[in-house]
2 protein chains.
Amino acid sequence: MVETTRRQAIEDAASSLFHEHGYSGTSVRDIARALDIQGASLYAHVTSKEEVLWSIVERTATRFEAAADAATVGIDDGDAAGRLDVLVRAHVGVVIEDVERASVFVYEWRSLASSKRSSISRRRDAYEARFRSVIEQGVASSTFDAVDPIAATAFILTALNGLVAWYRPNGRLQPADVADAYAGLALGAVGGAATARHEGTPR
Amino acid sequence: MVETTRRQAIEDAASSLFHEHGYSGTSVRDIARALDIQGASLYAHVTSKEEVLWSIVERTATRFEAAADAATVGIDDGDAAGRLDVLVRAHVGVVIEDVERASVFVYEWRSLASSKRSSISRRRDAYEARFRSVIEQGVASSTFDAVDPIAATAFILTALNGLVAWYRPNGRLQPADVADAYAGLALGAVGGAATARHEGTPR
DNA sequence: CCTACCGATCGGTAGG
DNA sequence: CCTACCGATCGGTAGG
């Protein structure tokens, strides 16, 4: 990976280690060792270990939000299947673009101290609500089966996030294959697959 | 919770703390404090922190395996939808019966040292293969849609495991509601819901 | 189950 | 970015 700044290299190394061993399972000296510098030297670039976590989590939260914004622009409010399709593809795209940072965002945000933690918690809730309202609307319009929207949202979002545990950039499935597969599975879960599959999946 | 032995109380406290803060984020003294004893006193009952993790993880692995065994007994090999339905319900049942231990099993086994870690890794692979072969068979018999069995298995199992992040014992949904909802969503994901829903979901 | 203690490592600072 | 160092905490042991 080509690094533009030292700071970016630090966050790359930290993302990789936090992904593999967790935030508490990674020491400042582990991060430094990955960059071939002394532990104390890290503090020339960062103010604390938690600040590094915060930076990764905050930026990744923004990427998920921006991708969902971009994906749903111009899609008819009444088209629940189409909206869920693009939301799923957007989410999968952000995960696959940087599995390590996505993994840290998804699983390590709880290690943040209370104020930052609750800030992320609220943004996660709002993000989840986008999926839920699409599902509620699909159920209301009978586009989807009569699923429980809260359970269905949790089911789908945790399935999408689970990608970070098994997706490998140079594995059998190309990013587009994963996006297609996951969009089909998610739509199928709520009973909206038949419609979406017959219509294709326009973006 | 009624404790039969001190050892059990230790594993209860550890499961709760490992679930909330992770294995590395929990100290031996944290566990001791939850039991109102000194940190060093824990070693009268356990040989190491990792042994406590191992005990929780190993027992929970066995519970998942036993539940899958029991659920599939007497179900026709050719009935992919029926088999997937009971596998999903069995998995959800084990998670809901003890969310904290299930969470530790699912997310903290990576903290085990190499030999125990690879033992659990193999058992997880074998367990996952049960789901995958049912899905492969359902696809082959056109009971299910032509999903990618590896992706579909990962999608479904990570969704089921994601339960530990949001299920609350005294929440809105009763265990049976969650099992029904998740069985429907999982069957739907692979396109087998119509069949299962019309047939009902016998156990 | 306690007190007293061990060496190692933790996140972080001082001063260059 | 380094060396030298800080107090706190880590998992664990000795001996009762």
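Rules of the game
- Residues numbered from 1 in each chain as written.
- Chains lettered and ligands numbered in written order.
- Predicted model: local features only at pLDDT ≥ 70, side-chain atom pairs only at ≥ 80, totals over all residues.
- Heavy atoms only, no water.
- Helix = DSSP H or I, 4+ residues; strand = E, 2+ residues; numbered from the N terminus.
- Buried < 20%, exposed > 50% of the residue type's maximum accessible area, 1.4 Å probe, protein only.
- Areas by Shrake-Rupley, 256 points an atom, 1.4 Å probe, with all protein chains shown as cover.
- Lys, Arg positive; Asp, Glu negative; His and termini not counted.
- Charge placed at Lys NZ, Arg CZ, Asp CG, Glu CD.
- Near = heavy atom within 4 Å.
- Polar contact = N/O pair within 3.5 Å; in protein donor to acceptor, adjacent residues only side chain to side chain.
- Nonpolar A, V, L, I, M, F, W, Y, C, P; charged D, E, K, R; others polar.
- Phe/Tyr/Trp six-rings, centres within 6.5 Å; stacked < 30°, edge-to-face > 60°.
- Lys NZ or Arg CZ within 6 Å of the ring centre and 35° of its normal.
- Expected span 1.5 Å × (residues − 1).
- Contact = heavy atoms within 4.5 Å.
- Salt bridge = Lys/Arg side-chain N within 4 Å of Asp/Glu carboxyl O.
- Axes fitted to C-alpha atoms, helices over the stretch in contact; angles between N-to-C directions.
- Parallel < 35°, antiparallel > 145°, perpendicular 65-115°, else oblique.
- Core = buried A, V, L, I, M, F, W, Y, C linked by side-chain atoms within 4.5 Å.
- Buried area = accessible area lost by both parts, 1.4 Å probe.
- Least-squares fit on C-alpha atoms with pLDDT ≥ 70 in both.

Peer 1: Whenever I open this one, the overall build of chain A confuses me. Can you help?
Peer 2: When its secondary structure is counted, chain A shows 10 helices and zero strands. Projected onto its principal axes, the C-alpha coordinates of chain A cover approximately 60 × 40 × 30 Å. Counting all 203 residues of chain A, 49% fall into the buried class. For chain A, the accessible surface area stands at approximately 9300 Å², while carbon and sulfur atoms represent 51% of it. Taking the average place of the 22 positive charges on the side chains of chain A and the average place of its 27 negative ones, the gap between the two points comes to 6 Å.

Peer 1: What is the right way to read the protein's contact with DNA strand C from this model?
Peer 2: Taken together, 15 residues surround DNA strand C, and among them Arg 29 and Tyr 43 of chain A together with Arg 6, Gln 38 and Ser 41 of chain B come closest. In this structure, a phosphate oxygen belonging to DNA strand C sits 2.8 Å away from a main-chain N or O atom of Gln 38 of chain B.

Peer 1: Looking at this structure, I do not really get the protein's contact with DNA strand D. What am I missing?
Peer 2: Taken together, 15 residues form the shell around DNA strand D, and within it Arg 6, Gln 38 and Ser 41 of chain A together with Arg 29 and Lys 49 of chain B come nearest. Contacts to DNA strand D include Thr 26 of chain B, whose backbone N or O atom sits 3.5 Å from a phosphate oxygen. Here a base nitrogen of DNA strand D and a side-chain polar atom of Arg 29 of chain B are 2.7 Å apart. Residues of the surface near DNA strand D, tallied by class, amount to six nonpolar, six polar and three charged.

Peer 1: How do you make sense of the packing of aromatic side chains when you look at a structure like this?
Peer 2: Here a ring pair, both rings aromatic, is described through the centre-centre distance and the interplanar angle of the planes. Taken as a whole, this structure holds 14 aromatic pairs over all chains when the rule is applied. Among the aromatic side chains, those forming a connected cluster through ring pairs are Phe 155, Trp 166 and Tyr 182 of chain A together with Phe 155, Trp 166 and Tyr 182 of chain B. Sitting above the plane of the Phe 105 of chain B ring, Arg 124 of chain B keeps its charged end 5.3 Å from the centroid.

Peer 1: Please explain helix H9 (residues 175-189) of chain A as it appears in this structure.
Peer 2: Residues separated by three or four positions in an α-helix point in the same direction, a consequence of the helix having 3.6 residues per turn. All names here are of chain A. With 15 residues, H9 should reach 21 Å at 1.5 Å per residue; the first-to-last C-alpha distance of 21 Å fits that figure. Burial within H9 is extensive, with 11 of its 15 residues counted as buried. The set of residues buried in H9 consists of Val 178, Ala 179, Ala 181, Tyr 182, Ala 183, Gly 184, Leu 185, Ala 186, Leu 187, Gly 188 and Ala 189.

Peer 1: Before we go on, may I ask you to explain the environment of Gly 25 of chain A in this structure?
Peer 2: Secondary-structure assignment places Gly 25 of chain A in the loop between helix H1 (6-21) and helix H2 (28-34). Discounting residues that sit within four places of it in the chain, Gly 25 of chain A has contacts with Asp 30 of chain A together with Ser 24 of chain B.

Peer 1: Which parts of the structure should I look at to understand the pattern of salt bridges?
Peer 2: Oppositely charged side chains can form a pair if their charged atoms are brought close together. Counted according to the given criterion, the structure contains 29 salt bridges over all chains. Linking Arg 89 of chain A and Asp 85 of chain A is a salt bridge whose minimum nitrogen-to-oxygen distance equals 3.2 Å. Highlighted residues: Arg 89 of chain A and Asp 85 of chain A, both in helix H4 (residues 80-97), separated by four residues, approximately one helical turn. Each member of the pair, Arg 89 of chain A together with Asp 85 of chain A, is buried. In this structure, Arg 172 of chain B engages Asp 148 of chain A in a salt bridge whose closest nitrogen and oxygen atoms are separated by 2.8 Å.

Peer 1: Please clarify how the packing of H1 of chain A against helix H3 (residues 49-72) of chain A should be interpreted in this entry.
Peer 2: When two helices pack together, you describe them by how their axes are tilted relative to each other and by the distance separating the axes. Residues and elements named next belong to chain A. The contact between H1 and H3 brings their axes to 10 Å, and the two run at 90°. Between H1 and H3, the angle falls in the class roughly perpendicular. Residue-level inspection shows Arg 7, Glu 11, Ala 14, Ser 15 and Phe 18 of H1 in contact with H3, the latter providing Lys 49, Glu 51, Val 52, Leu 53, Ser 55, Ile 56 and Arg 59. Taken together, the residues of the contact of H1 with H3 break down into five nonpolar, two polar and five charged.

Peer 1: What's the story with the nonpolar core in this structure? I'm lost.
Peer 2: Soluble, globular proteins show a tendency: their nonpolar side chains are buried together. Among the nonpolar cores identified, the biggest contains 142 residues, and Tyr 182 of chain A together with Tyr 182 of chain B are the most heavily contacted of them. Here Tyr 182 of chain B is in contact with Ala 151, Ala 154 and Phe 155 of chain A together with Val 88, Val 92, Ala 159, Leu 160, Leu 163 and Trp 166 of chain B, once residues within four sequence places are set aside.

Peer 1: I'm lost on the interface of chain B and chain A in this one. Help?
Peer 2: In many analyses, interface size is given as the accessible surface area lost on bringing the parts together. Facing 27 residues of chain B, the contacting portion of chain A comprises 27 residues. Of the roughly 2200 Å² buried where chain B meets chain A, counting both sides, 66% is carbon and sulfur surface. If you look at where chain B meets chain A, you find two residue pairs in polar contact (both at pLDDT 80 or more). By residue number, the principal contributor to the side of chain B that touches chain A is helix H7 (residues 149-161) of chain B, which donates eight residues.

Peer 1: I would appreciate a short explanation of the relation of the copies chain B and chain A in the present structure.
Peer 2: Two copies of the chain are present, and they differ by a rotation about an axis and a shift along that axis. It takes a turn of 180° to lay chain B on chain A, together with a shift of 0.0 Å along the axis; the resulting RMSD is 0.0 Å. What the superposition gives is, in effect, a two-fold axis relating one chain to the other. An overlap of 100% is found between the interface residues of chain B and their copies at the interface of chain A, pointing to a shared contact surface.

Peer 1: Explanation requested: helix H6 (residues 114-140) of chain B in the structure shown.
Peer 2: All names here are of chain B. In this model, H6 (27 residues) spans 37 Å end to end at C-alpha, consistent with the 39 Å of a helix rising 1.5 Å per residue. On its buried face, H6 is in contact with helix H3 (49-72), helix H4 (80-97), helix H5 (99-108) and H7. Phi turns positive, to about 60°, at Ser 142, one or two residues after H6.

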